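Chain and residue survey
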Amino acid sequence: MSAACPAILPGHLRGLRRTTGSVRVRYFRCNATDDLLARRGSVYESIYQDMDRDVGLEIAEKSHKDAPRVPGDGWFYGELSWEGMYDLISLAQPEEGDVFLDMGSGLGKMVLSTAMTRCFKECRGVEILPELAQKASAALERLAQELDPEEFASLPRISLVEGDMFGADVSDADIVYCFATCLTAEVLQGFIWKVEAEMKSGARLLIISKQVESDYFDPWIVPYKSVEQAHSKWNLDCFLYVHK
Ligand SMILES: C[S@@+](CC[C@H](N)C(=O)[O-])C[C@H]1O[C@@H](n2cnc3c(N)ncnc32)[C@H](O)[C@@H]1O
């Protein structure tokens, strides 16, 4: 694998090019080229072919019934479309070497789609429901099988773990994402205290359905995006912030 250093390329060509044995992986300012996006989109479809949103919701509902781990409807499973995820992350202006973290990563779709389309250093997710976390790990295994080994090795480091997001390390993350639609007010407040205290300066917080009023965050350059869900014609609100 070789990576052209963006710093030595003219501004309009700046980006990352990774060349593996048989597959050329191209990024432009950490965004995938159209060709890469289309190719990886097909792989994404394939690895999640039997894990659509309704399957995720069913698994989450049963898991919560068997052993409740979060208050209220915090277990409720939802996801964005492939395009919705890609467009949203673009707004956060990711850069080569960034770290991405999904707090409540469900089936791992946001983590894997981001890892498949960006030149991040690492993409991580933490999910409290074991059954969803297991499916996320299975999807990661499928991704490893679907891609040529060298192409898989060229992806960012990927980690999808079972656990409580309140125990997750957010200190090195450049982009923190939380699909917070169904979090209770108390959980949301705890989440805000955590990211206020632990996120680094300049890191972006992308949060679905909730607005954050905090002395520690400013609205990001693009402070709002209406985002497309995978399973519904209803878009959701996403609010974007930057840690001061
Ligand atoms: C709406 S889903 C979003 C899934 C994923 N982030 C995505 O965008 O595709 C929210 C997820 O957060 C998880 N969750 C809720 N509270 C959590 C907590 N305290 N720690 C970790 N995960 C949590 C839920 O179980 C659920 O899978």
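Residues numbered from 1 in each chain as written. Predicted model: local features only at pLDDT ≥ 70, side-chain atom pairs only at ≥ 80, totals over all residues.

1. Things to note about the overall build of the protein chain
Within the protein chain one finds 7 helices and 10 strands. In terms of principal-axis extent, the alpha carbons of the protein chain reach across some 50 × 40 × 35 Å. Here the contacts in the protein chain between residues at least 6 apart in sequence split such that 70% fall between residues at least 24 apart. (Helix = DSSP H or I, 4+ residues; strand = E, 2+ residues; numbered from the N terminus. Contact = placed C-beta atoms within 7 Å.)

2. Brief notes about the environment of leucine 240
Turning to its location among the elements, leucine 240 is positioned in strand E10 (residues 236–243). The exposure class of leucine 240 is buried, given the 21 C-beta atoms found within 10 Å. The sequence separation of leucine 240 and isoleucine 208 amounts to 32 residues, and the corresponding C-alpha distance is 8.8 Å. Dropping the residues within four chain positions of it, leucine 240 is found in contact with Leu91, Ala92, Arg204, Leu206, Trp220, Val222, Pro223, Tyr224 and Lys225. (Buried ≥ 20, exposed ≤ 12 C-beta atoms within 10 Å, placed from the backbone.)

3. Remarks on the packing of helix H1 (residues 34–47) against helix H4 (residues 109–117)
Close contact between H1 and H4 brings their axes to 10 Å; oriented N to C, the two are set at 150°. Between H1 and H4, the crossing angle belongs to the class labelled roughly antiparallel. Note on packing geometry: the crossing formed by H1 with H4 is right-handed. Note on element contacts: H4 touches H1 through Leu112, Ser113, Met116 and Thr117, opposite Leu37, Arg40, Val43 and Tyr44. Among the residues forming the contact of H1 with H4, the class breakdown is 5 nonpolar, 2 polar and 1 charged. (Axes fitted to C-alpha atoms, helices over the stretch in contact; angles between N-to-C directions. Parallel < 35°, antiparallel > 145°, perpendicular 65-115°, else oblique. Left-handed = near helix turned anticlockwise from the far one by under 90°. Nonpolar A, V, L, I, M, F, W, Y, C, P; charged D, E, K, R; others polar.)

4. Considering the UniProt feature "domain: DOT1" (unreviewed entry) in the protein chain
As recorded in UniProt, the sites labelled "domain: DOT1" (unreviewed entry) are residues 76–204. The distance separating the terminal C-alpha atoms of residues 76–204 is 24 Å; by composition the span is 43% helix and 18% strand. (UniProt positions renumbered as here; feature names shortened; annotations may be inferred.)

5. Examining the sheet that holds strand E7 (residues 175–179)
One open sheet accounts for 7 strands, arranged E6-E5-E4-E7-E8-E10-E9; its pairing is mixed. The sheet is open, and its two borders are formed by strand E6 (157–162) and strand E9 (217–227), each paired with just one other strand. Taken pair by pair, the neighbouring strands of this sheet meet at an average axis angle of 15°, ignoring direction. The pairing of strand E8 (residues 204–208) with E10 spans 5 bridges and is antiparallel. Bridge assignment links arginine 204 to a residue of E10, and that residue is valine 242. (Pairing = 2+ DSSP bridges.)

6. Observations concerning helix H7 (residues 185–198)
Taking 1.5 Å of rise per residue, the 14 residues of H7 would be expected to cover 20 Å, and the 20 Å separating its terminal C-alpha atoms lies within 8% of that figure. Buried within H7 we find Phe191, Ile192 and Val195. Mapping the buried residues of H7 onto a view down its axis gives an arc of 100°, with all of them on the same face. The exposed set on the far side of H7, more than 90 degrees from its buried face, consists of Glu186, Gln189 and Ala197. (Expected span 1.5 Å × (residues − 1). Arc of directions from axis to C-beta.)

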